[in-house]
Amino acid sequence: MEVHYRSSPLSCGGVMAKAARALVIGGGIGGLTAAAALHRRGWEVTVLERAPSLEPVGAAISLAPNALRALDTLGIGDEIRDLAAWQGEGGLRTPGGRWLATSDPEALAARFGGPLVLLPRTTLVDRLAALLPPGTVRTASPATLTHPGDTHQAAQVTVNDEVLEADLVIGADGVNSRVRAALFPAHPGAVYAGFTTWRLLIPVPGAQFASHETWGRGRIWGTHPLQDGRVYAYAAATAPAGHRAPDDEKAELLRRYGDWHDPIPAVLAAARPEDVLRHDVHHIADPLPAFHSGRVALLGDAAHAMPPTLGQGGNQAVEDAVVLAHHGADLAAYTAARLPRTTGIARQAVRAARLNMAGGRAAVAVRDTAVTALAKVAPALLLRSFDGIADWRPPYASGDVNAAQR
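Keep in mind the model is a prediction, meaning the values are calculated, not measured.

*Asks:* Looking at this structure, how should I read the overall build of the protein?
*Replies:* Counting its secondary structure elements, the protein contains twelve helices and 19 strands. For 406 residues, the compact-globule estimate of 2.2 N^0.38 gives 22 Å, and the C-alpha radius of gyration of the protein, at 22 Å, lies within 12% of that figure. Counting only C-alpha atoms, the protein reaches 70 × 45 × 40 Å along its principal axes. A buried classification covers 52% of the 406 residues belonging to the protein. Within the protein, counting contacts between residues at least 6 apart in sequence, those at least 24 apart form 71% of the total. As presented, the protein carries roughly 17300 Å² of accessible surface, and 55% of it is formed by carbon and sulfur atoms.

*Asks:* What's the story with the packing of aromatic side chains in this structure? I'm lost.
*Replies:* What characterises a pair of aromatic rings is the spacing of the ring centres plus the angle enclosed by the ring planes. Counted by the stated rule, this structure contains five aromatic pairs. With 5.6 Å between their ring centres and 45 degrees between their planes, Tyr232 and Tyr234 make a pair best called tilted. Of the two residues, Tyr232 and Tyr234, neither departs from the other in class, the shared state being buried. Members of the aromatic cluster, connected to one another through ring pairs, are Trp198, Trp221, Tyr257 and Trp260. In this structure, Arg219 is placed above the aromatic ring of Tyr257, and the distance from its NZ or CZ to the ring centre is 5.9 Å.

*Asks:* Can you walk me through helix α5 (residues 121-129) in this structure?
*Replies:* All of the buried residues in α5 are Arg121, Leu124, Val125 and Leu128. Around the axis of α5, the buried residues are gathered within 100 degrees of arc, so they sit on the same side. Looking at the packing, one finds that the buried side of α5 touches α1 (29-40), β4 (60-63), α2 (65-72), α3 (77-81) and β7 (117-120).

*Asks:* Explanation requested: the sheet that holds strand β3 (residues 44-48) in the structure shown.
*Replies:* Backbone-to-backbone hydrogen bonds pair the strands of a sheet. The strands run either parallel or antiparallel. Taken in spatial order, the six strands line up as β8-β3-β2-β12-β19-β18 in an open sheet, and their pairing is mixed. A single partner strand is all that each edge strand has here, and the edge strands are β8 (137-138) and β18 (292-293). Note that β18 and strand β19 (residues 296-298) share two bridges and pair antiparallel. When the bridges of β19 are listed, Ser293 appears paired with Val296.

*Asks:* Looking at this structure, I do not really get the pattern of salt bridges. What am I missing?
*Replies:* In a structure, side chains of opposite charge can pair up when their charged atoms sit close to one another. Scanning the model with the defined rule gives 19 salt bridges in all. Close ionic contact of Arg255 with Asp247 constitutes a salt bridge, the shortest N to O distance being 3.0 Å. By relative accessible area, which is 46% here, Arg255 ends up partly exposed. Among the salt bridges present, the one from Glu249 reaches Arg278, with a minimum N-O distance of 3.0 Å. Linking Glu249 in helix α7 (residues 249-257) with Arg278 in strand β17 (residues 277-283), this pair joins segments that are 29 residues apart in sequence. Residues Glu249 and Arg278 agree in their burial class; the two are buried.

*Asks:* What exactly am I supposed to notice about the packing of α2 against helix α10 (residues 313-327) here?
*Replies:* Between two packed helices, the angle of one axis relative to the other and the distance separating the axes together describe the packing. Viewed as axis vectors pointing N to C, α2 and α10 meet at an angle of 35 degrees, and their least axial separation amounts to 9 Å. Two packed elements cross with a definite hand, and for α2 against α10 that hand is left-handed. Contacts between α2 and α10 involve Asn66, Ala67, Ala70 and Leu71 from the first element and Asn315, Gln316, Val318, Glu319 and Val322 from the second. Split by residue class, the contact of α2 with α10 holds five nonpolar, three polar and one charged.

*Asks:* Even after reading the chapter, I still don't get the nonpolar core, so can you show me in this structure?
*Replies:* A general trend in soluble globular proteins is that nonpolar side chains are found buried together. Counting 65 residues, the largest nonpolar core has Leu63, Leu71, Leu124, Val157 and Ile170 as its most contacted members. Counting residues per element, this core draws most heavily on α1, at seven residues. Other than its neighbours up to four places away in sequence, Val157 contacts Leu23, Ile25, Leu48, Ala143, Thr144, Leu145, Thr146, Glu162, Val163, Leu164 and Val169. In this structure, Ala235, Tyr257, Trp260 and Leu268 belong to the second largest nonpolar core, which totals 18 residues.

*Asks:* Help me out: how do you make sense of the environment of Trp221 in this one?
*Replies:* For Trp221, the position within the fold is in strand β15 (residues 219-225). Here Trp221 falls in the buried class, since its relative accessible area comes to 1%. As for Trp221 and Ala140, which are separated by 81 residues in sequence, their C-alpha atoms are 35 Å apart. Here the side chain of Trp221 touches Thr223 through a polar contact of 2.6 Å, side chain to side chain.

*Asks:* Hey, could you run me through the pairing of strand β10 (residues 155-159) in this one?
*Replies:* A regular strand places its side chains on the two faces of the sheet in alternate fashion. Burial runs high along β10: four of the five residues are buried. Summarising the sheet, strand β9 (residues 143-147) and β10 pair through four bridges and their orientation is antiparallel. Counterpart to Leu145 in the pairing with β10 is Val157. Where β10 lies against strand β11 (residues 162-166), five bridges are found, and the strand directions are antiparallel. The residue bridging Ala155 from the neighbouring strand is Ala166, located in β11. Here β10 hands over to β11 after two residues, with Asn160 in that stretch at a positive phi of 50 degrees.

What counts as what
Residues numbered from 1 in each chain as written. Predicted model: local features only at pLDDT ≥ 70, side-chain atom pairs only at ≥ 80, totals over all residues. Heavy atoms only, no water. Helix = DSSP H or I, 4+ residues; strand = E, 2+ residues; numbered from the N terminus. Rg over C-alpha atoms; globule rule 2.2 N^0.38 Å. Buried < 20%, exposed > 50% of the residue type's maximum accessible area, 1.4 Å probe, protein only. Contact = heavy atoms within 4.5 Å. Areas by Shrake-Rupley, 256 points an atom, 1.4 Å probe, with all protein chains shown as cover. Phe/Tyr/Trp six-rings, centres within 6.5 Å; stacked < 30°, edge-to-face > 60°. Lys NZ or Arg CZ within 6 Å of the ring centre and 35° of its normal. Arc of directions from axis to C-beta. Pairing = 2+ DSSP bridges. Salt bridge = Lys/Arg side-chain N within 4 Å of Asp/Glu carboxyl O. Axes fitted to C-alpha atoms, helices over the stretch in contact; angles between N-to-C directions. Left-handed = near helix turned anticlockwise from the far one by under 90°. Nonpolar A, V, L, I, M, F, W, Y, C, P; charged D, E, K, R; others polar. Core = buried A, V, L, I, M, F, W, Y, C linked by side-chain atoms within 4.5 Å. Polar contact = N/O pair within 3.5 Å; in protein donor to acceptor, adjacent residues only side chain to side chain.

See the structure below:
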């Protein structure tokens with residue numbers, strides 16, 4: 001097997017030698033953001049993606065102001081903000097259509113310093129990939145961490161019988177991360193969160209509706225218009241792990257949500273069975289002891305997979321990426337910056353899941369009454385759950401490519 005390695009960025013006496021080399025295992029949003037951020041700081045980066053192409057898992061992604069400020073450091077934040085598609089007020093509804101609470105996008109932007117943007121995942125992946133030099137991303141390249149490295153030895157990765165060595169390896173390989181398992185073999189890994197999800201991204205001709213999420217008994221549904229004219233819809237329901245529909249997932253959605261309020265029946269009517277994506281939700285219930293070991297760092301779901309109930313999974317991966325690039329080879333500083341924050345957000349996401357996935361009739365009645373009362377008496381309190389999350393700012397100024405070296 002052939003071994004390829006570039007030396008550490010500092011040679012004897014502190015004289016800059018060849019550019020430091022990073023290998024990113026996983027070509028999702030977190031991995032591509034990390035690659036772009038490191039490239040911007042002068043690293044030589046290779047992204048190793050197992051799949052034959054950069055086709056993201058999932059339909060759309062919601063980017064909160066915290067992630068958009070992280071993307072500002074890559075110079076694409078405003079471009080992504082321009083894709084915001086909120087049309088007036090949206091809010092929270094019951095399956096019969098009654099509004100429990102309404103949301104004001106202007107109030108959210110004023111409180112957290114920016115909008116909430118919903119866009120197709122492919123759009124963000126394509127934009128991040130465009131920030132990288134040609135040849136940076138290697139698809140059809142399943143990678144195995146064979147040595148984490150240390151202060152005297154490079155980290156080592158094997159890809160299709162080729163051995164690569166690097167100053168830094170980033171495990172961005174998702175909720176079932178093999179890199180995480182290699183670094184922390186005693187950790188239990190991700191566990192089933194108790195519910196499954198469906199996602200759709202389709203055109204729905206003639207559909208006119210306010211963006212909304214609907215809470216039922218052990219079930220939720222969300223429908224949101226995108227700027228490109230398509231509709232993003234998602235659903236979640238408590239279910240046994242690994243369960244699948246006996247016919248197809250569109251039929252399963254019709255059984256579970258077909259009698260819910262408009263525009264849900266119209267969305268389901270416009271969908272084809274092959275348009276429906278279904279995934280069980282897994283999360284890391286026991287936080288890792290660290291997000292690094294040796295010369296290897298974890299980010300995104302590989303480090304802190306969480307339920308999607310706060311919409312922060314991808315946002316936290318983007319944050320991870322720019323903070324990791326900021327700290328460079330100082331991985332202990334990266335863990336210190338990211339582990340407490342993401343642990344707190346993950347726990348908050350679990351608590352939110354218990355609330356909106358409640359299944360008991362009495363519990364649902366109490367929940368809905370409390371939400372309605374809170375929305376009427378103190379609507380600003382509904383936004384407080386995102387205090388300390390959506391108002392996060394990167395550790396260096398936008399465009400300051402040398403900040404990590406000062």
